[in-house]
Amino acid sequence: MGELPYFIEVAQALEICNKTTLQTVTERVNLDDSHCRILAVDLPSLVDDPPFDNSAMDGFAMRFEDTIDVPATLEIIGTIQAAGQEDNITVGKGQAVKIMTGAPIPNGADSILQVELTSTEDNKVTLQQESMKHFIRRKGENLSKGEIALSAGTYLTPSRVGLCATMGYSSIPVIKKLKVAIIATGDELKQPGEEIERGEIYESNSFGLSGLIKWLGHESTRLNCIGDTIDDLRQTLNQASLDHDLILTSGGVSMGEWDLVRKIMEEEGDIHFWRVKLRPGSPPLFGTWNNTPIFGLPGNPVSSHVVFRILVAPWIRHITQANGPIENRAFAKLATKVKPTKDCLTLRRVSIEVTDDGLVAHQKIHQGSGNIASMALSEGMVILQPGCEYSIGDTVEVMFL
Ligand code: AMP
Ligand code: MG
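It should be emphasised that the depicted structure is a prediction, and the values quoted were computed from it without experimental measurement.

Details of the overall build of the protein chain
And step 1. Within the protein chain, the secondary structure is distributed over seven helices and 27 strands.
And step 2. Computed over its C-alpha atoms, the radius of gyration of the protein chain comes to 30 Å, more than 25% above the 21 Å expected for a compact globule of 401 residues.
And step 3. Referenced to the eigenvectors of the C-alpha coordinate spread, the extents of the protein chain come out at roughly 90 × 50 × 45 Å.
And step 4. Counting every position in the protein chain, which comprises 401 residues, the buried fraction comes to 48%.
And step 5. Within the structure as shown, the protein chain displays about 19,200 Å² of accessible surface, and the carbon and sulfur contribution to it stands at 48%.
And step 6. Between the averaged position of the 36 positive side-chain charges in the protein chain and that of its 52 negative side-chain charges there is a distance of 3 Å.

Considerations on the domain arrangement of the protein chain
And step 1. Domain assignment breaks the protein chain into domain 1 (6-25 + 176-320), domain 2 (27-48 + 144-175), domain 3 (54-137) and domain 4 (329-400).
And step 2. Its C-alpha centre places domain 3 at a distance of 56 Å from the equivalent point of domain 4.

Overview of the site of ligand 1
And step 1. The local shell around ligand 1 holds 16 residues, among which Glu-188, Glu-203, Ser-204, Gly-252 and Gly-299 are the closest.
And step 2. Between ligand 1 and Glu-203 there is a distance of 2.8 Å, counted from a nitrogen atom to a side-chain nitrogen or oxygen.
And step 3. Take Asn-300: an N or O atom from its main chain is 3.2 Å from an oxygen atom of ligand 1.
And step 4. Look at ligand 1: alone it shows 480 Å² of surface, and the protein chains cover 76% of it.
And step 5. According to the grid-proximity analysis, the pocket containing ligand 1 is the largest pocket.
And step 6. In terms of residue class, the shell around ligand 1 is made up of five nonpolar, eight polar and three charged.

Points about the environment of Glu-3
And step 1. Tracing the chain through its elements places Glu-3 in the segment before strand 1 (6-8).
And step 2. Measuring from C-alpha to C-alpha, the distance between Glu-3 and Val-398 comes to 35 Å, with 395 residues separating the pair along the chain.

Structural notes on the packing of aromatic side chains
And step 1. On inspection of all chains with the given rule, the structure shows five aromatic pairs.
And step 2. When the centroid spacing of 4.7 Å and the interplanar angle of 50° are considered together, the rings of Phe-286 and Phe-295 count as tilted. Each member of the pair, Phe-286 together with Phe-295, is buried.
And step 3. The structure contains a cluster of three or more aromatic residues connected by ring pairs, namely Phe-273, Phe-286, Phe-295 and Trp-315.
And step 4. Over the ring of Phe-7 we find Arg-275, and its NZ or CZ is 4.8 Å from the ring centre.
And step 5. It is Arg-309 that lies over the ring of Trp-215; its NZ or CZ is 5.1 Å from the centre.

Re the sheet that holds strand 18 (residues 246-250)
And step 1. The strand order across the open sheet formed by seven strands is 1-19-21-22-18-14-17, and the pairing between neighbours is mixed. Lying at the two open borders of the sheet, with one neighbouring strand each, are strand 1 and strand 17 (219-222). The average undirected angle you get between the axes of adjacent strands in this sheet is 30°.
And step 2. Strand direction decides the pairing type here: strand 18 and strand 22 (residues 292-297), joined by four bridges, are parallel. Bridging across to strand 22, Leu-248 finds its partner in Phe-295.
And step 3. Along the sheet, helix 3 (residues 205-215) makes contact with strand 14 (179-184), strand 17, strand 18 and strand 22, crossing strand 17 at roughly 165°.

Re the side chain of His-362
And step 1. By secondary structure assignment, the location of His-362 is in strand 25 (residues 358-362).
And step 2. A polar contact of 3.1 Å, which involves the side chain of His-362, links it to the side chain of Glu-353.
And step 3. In contact with His-362, other than residues within four places in its own chain, are Ala-335, Thr-336, Val-350, Ser-351 and Glu-353.

Quick look at the packing of helix 1 (residues 10-18) against helix 6 (residues 301-320)
And step 1. Their axes nearest at 10 Å, the elements helix 1 and helix 6 cross at an angle of 40°. In this structure, helix 1 meets helix 6 at a crossing whose hand is right-handed. Between helix 1 and helix 6, the contacting residues are Val-10, Ala-13, Leu-14, Cys-17 and Asn-18 on the first element and Ile-310, Leu-311, Pro-314, Trp-315 and His-318 on the second.
And step 2. Partitioning the contact of helix 1 with helix 6 into residue classes produces eight nonpolar, two polar and no charged.

Remarks on the sheet that holds strand 7 (residues 95-99)
And step 1. Pairing is mixed in the open sheet, where six strands are placed in the order 8-5-7-6-10-9. Since the sheet does not close on itself, it has two edges, and those belong to strand 8 (111-114) and strand 9 (118-121), each with one partner. Recorded for the sheet is a direction-independent mean angle of 35° between the axes of neighbouring strands.
And step 2. Bridging between strand 6 (residues 72-80) and strand 7 involves four bridges; their strand directions are parallel. Bridge assignment links Thr-79 to a residue of strand 7, and that residue is Lys-98.

A closer look at the nonpolar core
And step 1. Counting 38 residues, the largest nonpolar core has Leu-248, Phe-273, Leu-278, Phe-295, Phe-308, Leu-311 and Trp-315 as its most contacted members.
And step 2. With 11 residues, the single largest contributor to this core is helix 6.
And step 3. If you count residues domain by domain, this core takes at least three from each of domain 1 (6-25 + 176-320) and domain 4 (329-400).
And step 4. Ignoring sequence-local partners within four residues, the contact set of Phe-295 consists of Cys-17, Leu-246, Ile-247, Leu-248, Thr-249, Leu-285, Phe-286, Leu-311, Val-312 and Trp-315.
And step 5. Counting residues in hydrophobic clusters, the runner-up holds 20 residues, among them Ile-89, Ile-112, Val-125 and Ile-136.

Considering the pattern of salt bridges
And step 1. Within the structure shown, the criterion is met by 12 salt bridges.
And step 2. Measuring nitrogen to oxygen at the nearest pair gives 3.3 Å for the salt bridge that ties Arg-63 to Glu-65.
And step 3. The buried category is assigned to Arg-63, whose relative accessible area is 18%.
And step 4. Judged by its relative accessible area of 55%, Glu-65 falls in the exposed class.
And step 5. Here Asp-357 ties to Lys-333 by a salt bridge, and the two come within 3.4 Å at their closest N and O atoms. Of this pair, Asp-357 sits in the loop between strand 24 (345-355) and strand 25 while Lys-333 is found in strand 23 (residues 329-334), placing the two residues 24 residues apart along the sequence.
And step 6. Within this structure, Arg-63, Glu-65 and Asp-66 form a network of salt bridges that share partners.

Conventions adopted
Residues numbered from 1 in each chain as written. Chains lettered and ligands numbered in written order. Predicted model: local features only at pLDDT ≥ 70, side-chain atom pairs only at ≥ 80, totals over all residues. Heavy atoms only, no water. Helix = DSSP H or I, 4+ residues; strand = E, 2+ residues; numbered from the N terminus. Rg over C-alpha atoms; globule rule 2.2 N^0.38 Å. Buried < 20%, exposed > 50% of the residue type's maximum accessible area, 1.4 Å probe, protein only. Areas by Shrake-Rupley, 256 points an atom, 1.4 Å probe, with all protein chains shown as cover. Lys, Arg positive; Asp, Glu negative; His and termini not counted. Charge placed at Lys NZ, Arg CZ, Asp CG, Glu CD. Domains from an automatic or database assignment. Near = heavy atom within 4 Å. Polar contact = N/O pair within 3.5 Å; in protein donor to acceptor, adjacent residues only side chain to side chain. 1 Å grid on protein atoms, 1.4 Å probe; cavity = no way out; pocket = protein on both sides within 12 Å on 5 of 7 lines; lining within 4 Å. Sits in = over half its atoms within 2 Å of the grid points. Nonpolar A, V, L, I, M, F, W, Y, C, P; charged D, E, K, R; others polar. Phe/Tyr/Trp six-rings, centres within 6.5 Å; stacked < 30°, edge-to-face > 60°. Lys NZ or Arg CZ within 6 Å of the ring centre and 35° of its normal. Pairing = 2+ DSSP bridges. Axes fitted to C-alpha atoms, helices over the stretch in contact; angles between N-to-C directions. Contact = heavy atoms within 4.5 Å. Left-handed = near helix turned anticlockwise from the far one by under 90°. Core = buried A, V, L, I, M, F, W, Y, C linked by side-chain atoms within 4.5 Å. Salt bridge = Lys/Arg side-chain N within 4 Å of Asp/Glu carboxyl O.

Structure representation (structure tokens):
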């Protein structure tokens, strides 16, 4: 294997991954299709937001100076519910206009009092307190026309899609979804729904990995799960590399004789590293197959998920220049003992409780890397640095699941 980087630290693995880049393509999509996508350009607002001065409250608009002596009683000279209605109204001394939230402020008015603090009789309104200037939302106070509100690489969360609409866009340029092939390997694997016999298990990794790819805003194809034969693997890798940007395999990357992904990559592919100081998830490899980047992920379900979050997701964000979605992290107090390892970055699954004392992490579930329930039923993973000791009461970093 010559110079192959072997059993390297996570940071070094990421550095190596990042040397492999992909040409991304931009496409324009309707806003409805832009959720969870990556914005491809800096996006200037097409309008001021708000586009005109308007009321932040249902209530009355008037001159502030007429409301200083409370209770003040003013004459109601009209109602404004929508744009246009204010054009022929000017609020003068001693006058008020009934106004709805979001409606344009009439000429002459410089303040609002919300309806709850008023009482009306015939065409008179009595104010319980002085009116408020800050209940006028000023033209352009949120955004000015031409201002870049969202920059290239922004991960489009629901509120950001709403902001695109507010800025006047019906469609926006986004990074074209990467096409990711997912290949599960293992003679023992059966599709969920089929009968299993002794020695067989249901194939689950491709489903989880597919969800992780979609979470990042890309497109996944779960190719047929294949048995442990070199010929099937070669054929499937060849097929996958023809029309995908990235290949993820699961299983077959450990030291064993049956670990065919590692074997075929050694003999026929191009490996950039194998094995990482990460627990669970030390076996992964990264490289290219026919110039298509490939991550060989471990077969153990927890390990494949952890490796995705620690290596694959950061690399995909890197090549798409995306600022999200990210693995949200926080600090929590340990309520139970957790076991670090000597030389690996170690992640243990924990439940996370919000208490008066801040976040508290409990390791309740047994931590086997084959136990996907331990991940599915936990809120987070504590991140334990190699060689460090952790005691109950210590504050540790957690990554939310
Ligand atoms: P391997 O890395 O192929 O040796 O697999 C390690 C462990 O993960 C074995 O117990 C496999 O049965 C299990 N495993 C491998 N692939 C999958 C999969 N796609 N879904 C669920 N479990 C798997
Ligand atoms: Mg296997």
